[in-house]
Amino acid sequence: MRIAEIGLTVNVIDQRGHGENNNPLDDRVLEEIESATQFCRQYGKVVAVGHSSGGRFAMSSSADFSIGISPALASDYGGRTRELLDNLRSYRVKELYRGINHQIIKNLPEWKYNEQNPTMILYGSRDVPEIVDKCKNIKCDVVDIFEIKNALHNDIYLLEDTFTKVTEQLKKWFFICKNEQL
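The notes below deal with the structure included here. Here the structure is a predicted model, which is why all the values come from computation and not from measurement.

Looking at the side chain of Asp-26
Its place among the elements puts Asp-26 in the loop between helix H1 (2–5) and helix H2 (29–40). A residue is classified by how much of its surface remains accessible, and Asp-26, at 4% relative accessible area, is buried. Polar side-chain contacts of Asp-26 include one of 3.2 Å to the side chain of Arg-16. For Asp-26, the contacting residues outside a window of four places in its chain are Arg-16, Leu-96, Ile-100 and Ile-104.

Description of the pairing of strand E3 (residues 119–126)
Among the eight residues that make up E3, six are buried, leaving the element largely enclosed by the rest of the structure. Looking at chain direction, E3 and strand E4 (residues 144–152) are connected through six bridges and run parallel. Of the residues in E4, the one forming a bridge with Tyr-123 is Glu-147. Remark: the E3/helix H6 (residues 129–136)/E4 crossover connection has right-handed handedness.

Description of unusual backbone geometry
Even without glycine at this site, Ser-70 takes up a positive phi of about 50°. Looking at where Ser-70 falls in the secondary structure, it is placed in the loop between strand E2 (65–69) and helix H4 (79–89). The exposure class of Ser-70 is buried, given its relative accessible area of 0%.

A word on the sheet that holds E4
Here we have four strands laid out as an open sheet, ordered E1-E2-E3-E4, and parallel in their pairing. In this open sheet, the two edge strands, each paired with only one partner strand, are strand E1 (47–51) and E4. Pairwise comparison of adjacent strand axes, ignoring direction, gives a mean angle of 15° for this sheet. Where E1 meets E2, five bridges bridge the pair, whose relative direction is parallel. Its bridge partner being in E2, Gly-50 is matched across the sheet by Gly-68. Along the sheet, helix H3 (residues 53–60) contacts E1, E2 and E3; its crossing angle with E1, the most-contacted strand, is approximately 160°. Against the sheet, H6 contacts E3 and E4, and its axis sits at roughly 135° relative to E3.

Structural notes on the packing of H3 against helix H5 (residues 100–107)
Two elements in contact, H3 and H5, have axes separated by 11 Å at closest approach and are oriented at 30°. By the criterion of interaxial angle, the relationship of H3 to H5 is roughly parallel. Relative to H5, H3 is oriented so that their crossing is left-handed. Where H3 approaches H5, its residues Ser-53, Arg-56 and Phe-57 are matched on the opposing element by Asn-101, Ile-104 and Ile-105. Grouping the constituent residues of the contact of H3 with H5 by class yields three nonpolar, two polar and one charged.

Rules and cut-offs
- Residues numbered from 1 in each chain as written.
- Predicted model: local features only at pLDDT ≥ 70, side-chain atom pairs only at ≥ 80, totals over all residues.
- Heavy atoms only, no water.
- Helix = DSSP H or I, 4+ residues; strand = E, 2+ residues; numbered from the N terminus.
- Buried < 20%, exposed > 50% of the residue type's maximum accessible area, 1.4 Å probe, protein only.
- Polar contact = N/O pair within 3.5 Å; in protein donor to acceptor, adjacent residues only side chain to side chain.
- Contact = heavy atoms within 4.5 Å.
- Pairing = 2+ DSSP bridges.
- Right-handed = clockwise from strand over helix to strand, strands pointing away.
- Axes fitted to C-alpha atoms, helices over the stretch in contact; angles between N-to-C directions.
- Parallel < 35°, antiparallel > 145°, perpendicular 65-115°, else oblique.
- Left-handed = near helix turned anticlockwise from the far one by under 90°.
- Nonpolar A, V, L, I, M, F, W, Y, C, P; charged D, E, K, R; others polar.

Take a look at the structure:
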């Protein structure tokens, strides 16, 4: 809702396996994101925003802009991280089978910056260590990358600092777009 407050139209996806969507998380999750992206194009430029694997999906989408919050950028994670992420997700994600999220991420192409689709990345200073390392080691001067102090993987999307950074970035992107007549 914070995005709507700055004057943008918002479409929130109840992604398969999450919330009230009764479809289990499976490899069609990207199809859902692409369908929503194409639907939203009728209203103008599209920004995909997601957290964790949703952040990676957002960054892999065809949206005009993407924001990855603690995005799962690695194609695979070590056993401890997999266990941690599974435990953080197990009570709120309905998977087709345990571990499918890791398989979906593993099958995605490695994320690379595309100047046609500007990207912002946020991660928590107390996030999953492998996510922090991947975010810190991105070598691209044009990606806006921010560390949110004291944020954990499971609370970063609830923090005021995250909302502030996201809304500032959206205002920047849409102010530039309006001035350039994109």
